[in-house]
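Here is how the chains run, residue by residue.
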Amino acid sequence: MTERKRANTSGIEIKPVYDADDPGTADAPRPEPPGSFPFTRGIYESMYRGRLWTMRQYAGFGTAEDTNRRFRFLLESGQTGLSVAFDLPTQMGYDSDHAMAQGEVGRVGVAIDTVDDLGRLFDGIDLGQVSTSMTINATASILLAMYVCLADERGVQRGDLAGTVQNDILKEFIARGTYVFPVEPSLRLVTDVFDFCASELPRWNSISISGYHMREAGCTAAQEIAFTLANGLEYVQRAVDRGLEVERFAPRLSFFFASHNDLFEEVAKFRAARRLWARLMRDRYGASDRACQLRFHTQTGGSTLTAQQPQNNVVRVTVQALAAVLGGTQSLHTNAFDEALALPTADSARLALRTQQILAHESGVAATADPLAGSYYIETITAQIENKARTYLNEIADRGGAAASLDFMVDEIQRSAYAYQLAIENEERVVVGVNRYREDESESRIEQPSFPELEARQRQGLDAERRRRDAGAVQGALKRLAEAASGPDNLMPYIVDAVKARATLGEISDALREVWGEYRAAS
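Cut-offs and rules
- Residues numbered from 1 in each chain as written.
- Predicted model: local features only at pLDDT ≥ 70, side-chain atom pairs only at ≥ 80, totals over all residues.
- Heavy atoms only, no water.
- Patch = residues over 30% accessible without salt bridge, like charges linked within 9 Å, V, L, I, M, F, W, Y side chains within 5 Å.
- Areas by Shrake-Rupley, 256 points an atom, 1.4 Å probe, with all protein chains shown as cover.
- Salt bridge = Lys/Arg side-chain N within 4 Å of Asp/Glu carboxyl O.
- Helix = DSSP H or I, 4+ residues; strand = E, 2+ residues; numbered from the N terminus.
- Pairing = 2+ DSSP bridges.
- Contact = heavy atoms within 4.5 Å.
- Axes fitted to C-alpha atoms, helices over the stretch in contact; angles between N-to-C directions.
- Phe/Tyr/Trp six-rings, centres within 6.5 Å; stacked < 30°, edge-to-face > 60°.
- Buried < 20%, exposed > 50% of the residue type's maximum accessible area, 1.4 Å probe, protein only.
- Parallel < 35°, antiparallel > 145°, perpendicular 65-115°, else oblique.
- Left-handed = near helix turned anticlockwise from the far one by under 90°.
- Nonpolar A, V, L, I, M, F, W, Y, C, P; charged D, E, K, R; others polar.
- Disulfide = S-S within 2.5 Å.
- Polar contact = N/O pair within 3.5 Å; in protein donor to acceptor, adjacent residues only side chain to side chain.

- Identification of the protein as Methylmalonyl-CoA mutase from Candidatus Kutchimonas denitrificans is taken from an unreviewed UniProt entry.

## A word on a nonpolar patch on the surface
Then, in step 1: Together, Val430, Val432 and Tyr437 line one region of the surface with nonpolar side chains, adding up to about 270 Å² of accessible area.
Then, in step 2: Tracing the backbone through its elements, the reader meets Val432 in the loop between helix H15 (406–425) and helix H16 (451–468).

## A word on the sheet that holds strand E11 (residues 331–333)
Then, in step 1: Reading across the sheet, the nine strands line up as E7-E6-E5-E4-E3-E11-E10-E9-E8 and stay open at both edges, with parallel pairing between neighbours. Since the sheet does not close on itself, it has two edges, and those belong to strand E7 (204–205) and strand E8 (207–210), each with one partner.
Then, in step 2: Relative to E11, strand E3 (residues 54–59) runs parallel, the two sharing two bridges. Looking across to E11, one finds that Thr54 is bridged to Ser331.
Then, in step 3: The strands touched by helix H12 (residues 312–326) within the sheet are strand E9 (253–259), strand E10 (296–300) and E11, with E10 carrying the most contacts at an inclination of about 165 degrees.

## Side note on the packing of aromatic side chains
Any aromatic ring pair is given by two values, namely how distant the centres are and how the planes are angled relative to each other.
Then, in step 1: All chains considered together, the criterion is met by 19 aromatic pairs.
Then, in step 2: Aromatic pair Phe173 and Tyr179: ring centres 5.3 Å apart, planes at 15 degrees, arrangement stacked.
Then, in step 3: Residue classification places Phe173 among the buried positions, given a relative accessible area of 9%.
Then, in step 4: Residue Tyr179 is classed as buried on the basis of its relative accessible area of 18%.
Then, in step 5: Seen in terms of ring centroids, Phe194 and Phe249 are 5.6 Å apart; in terms of plane orientation they differ by 25 degrees. Their pairing is stacked.

## Details of the packing of helix H17 (residues 471–485) against helix H18 (residues 492–500)
Then, in step 1: At a closest axis distance of 9 Å, the pairing of H17 and H18 adopts a crossing angle of 165 degrees. When the interaxial angle is binned, H17 and H18 end up roughly antiparallel. The hand of the H17/H18 crossing is left-handed. Contact residues: Ala477, Leu478, Arg480, Leu481 and Ala484 in H17; Tyr494, Ile495, Asp497 and Ala498 in H18.
Then, in step 2: Here the residues of the contact of H17 with H18 are counted per class, giving seven nonpolar, no polar and two charged.

## Quick notes on the state of the cysteines
Then, in step 1: All told, the structure shown has zero disulfides when counted by the stated rule.
Then, in step 2: In this structure Cys197 is a free cysteine whose sulfur lies 16 Å from that of Cys149, the closest cysteine sulfur available.

## Points about the side chain of Arg502
Then, in step 1: With respect to the helices, strands and loops of the structure, Arg502 is situated in the loop between H18 and helix H19 (505–516).
Then, in step 2: The exposure class assigned to Arg502 is buried, which follows from its relative accessible area of 19%.
Then, in step 3: Side-chain polar atoms of Arg502 contact the side chain of Glu153, separated by 2.7 Å.

## Quick notes on the pattern of salt bridges
Note that side chains of opposite charge can pair when their charged atoms are close.
Then, in step 1: Taken as a whole and assessed by the stated rule, the structure comprises 41 salt bridges.
Then, in step 2: Residue Arg188 is joined to Asp192 by a salt bridge in which the shortest nitrogen-to-oxygen separation is 3.7 Å. Placement of both Arg188 and Asp192 in helix H6 (residues 183–200) is noted, with a separation of four residues, approximately one turn of the helix.
Then, in step 3: One salt bridge connects Asp195 with Arg248, and the closest N-O pair in it is separated by 3.4 Å. You can see Asp195 sitting in helix H6 and its partner Arg248 sitting in helix H9 (residues 246–249), a full 53 residues away along the chain.
Then, in step 4: Overlapping salt bridges, with partners in common, bring together Asp95, Asp97, Arg466, Arg469 and Glu507 in one network.

## Description of the pairing of E9
Then, in step 1: Taken across its seven residues, E9 has seven buried, putting it largely inside the fold.
Then, in step 2: Of the two faces of E9, the one carrying Leu253, Phe255, Phe257 and Ser259 and the one carrying Ser254, Phe256 and Ala258 are both buried.
Then, in step 3: Pairing of E8 with E9, which is carried by four bridges, proceeds in the parallel orientation. Across the sheet, residue Ile207 finds its bridge partner in E9, namely Leu253.
Then, in step 4: The pairing of E9 with E10 spans five bridges and is parallel.

## As for unusual backbone geometry
Then, in step 1: Following Phe37, the chain continues to Pro38 via a peptide bond in cis, the omega torsion being 5 degrees.
Then, in step 2: The residue Pro38 is located in the loop between strand E2 (13–14) and E3 in this model.
Then, in step 3: Within the chain, Gln309 stands out as a residue other than glycine whose phi angle is a positive 45 degrees.
Then, in step 4: Residue position: Gln309 is located in the loop between E10 and H12.
Then, in step 5: With a phi angle near 80 degrees, Arg502 is a residue other than glycine that sits in the positive phi range.

## Quick word on the packing of helix H8 (residues 221–242) against H15
Geometrically, a packed helix pair is captured by the angle between its two axes and the distance between the axes.
Then, in step 1: At their nearest, the axes of H8 and H15 sit 12 Å apart, and the two run at 165 degrees to each other. The orientation of H8 relative to H15 falls into the category roughly antiparallel. The hand of the H8/H15 crossing is left-handed. Residue-level inspection shows Gln223, Phe227 and Asn231 of H8 in contact with H15, the latter providing Phe408, Met409, Glu412, Ile413 and Ser416.
Then, in step 2: Within the contact of H8 with H15, the residues separate by chemical class into four nonpolar, three polar and one charged.

Now the structure itself:
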């Protein structure tokens, strides 16, 4: 019987058997040790023997008070870092009482209009002791300013603040759509944050360059690392053009990848990404080892979760989390099994965290660094994925870089997404419970909050905060920000001043909209 050919998502044909004659395996028995350039095997010599990855469960819904309760629950359950999801109005620069926010307040993340909302979000949580990641992009500078303002008012030293702000606007233009301002001023804000963090927040990651959302939109594993690293190179070059020294900001760059179901392709992807970034930074900028290290957070694949037979997602998430750990991630979020249906319940969120804890403490994967190194299969597809990614990077460079190649990347992702969906519909790829092993199921129902009531409470609170503040101080701060936006100054100090005067997120965004306008995607 003739066996059908098999290929991974990157289009690499998988052989039945791999051996020492395969490409990429010549040095497989003795690859460079972990902690050594180009960091294929990990950025730290001891990896998880020295310190486990950060267990950073992503959470955010409803009001600040609602999310604070979930944060406390997760911290009490053993979570080691916070990760904040913001609602769409917050991501798009609208206050909760704006017409564009109607029906969306608190639905896919927490609603934050003012620094006092952020204070309620972190009520009872020591900002000097916790590491916080904020998934925010177009309005990243505003949310970071709020976090800094909150720390200042609580007496926490800025040098003690640890965490990450996503601040990756290019992938919003490519795959996600929560952009506000045109490309060039958006990139200016990114480099303003780089500069501010290098000066004021030495423990803060000024960006999380994200392949996750492009993978969720349908790109392959090789495309994910190629497009992510292309965006990373664009940010580095913009910062260098701004006059920032690579060694001053590059060590605080971080990355964010998805982990999907093909265990070995994902492990190889992470190894290839680390090696390729190190080589690019060394070749282009002569960067030091520390500035060449690719540090990354991983989230298990939201698009792989199925509403059909949702308990199967527990197994999918476990496989994906295992791939991330075997691939050397620095922090990890594991999705809850019910997220294809609704916001996760407390019980399912705890089970997702327990999945990480079992991997860390019971599976043995943390006992040694890069345990799959030397595998003929892993070393071969690591090299093949790196080569495919390089081909894309060369194409993007020929087009003038990532900012000039947005349409190209969008088209490539759309083609890959279409091909993948077609393979599922033709049953060339099996999705258990969806196109094979189906069962008649009763509809799963998860209780949800009353979003109209939640929105009304948020609007009432916002109105009360507006009445309490000094309106003259707010208008003065917004005017100074708008004037600075027309010039070359770093805008972060002006945004911090506006936040401290109690200007809202929407008002700060509007001040910048008045100067820069808004981005309009081509129809």
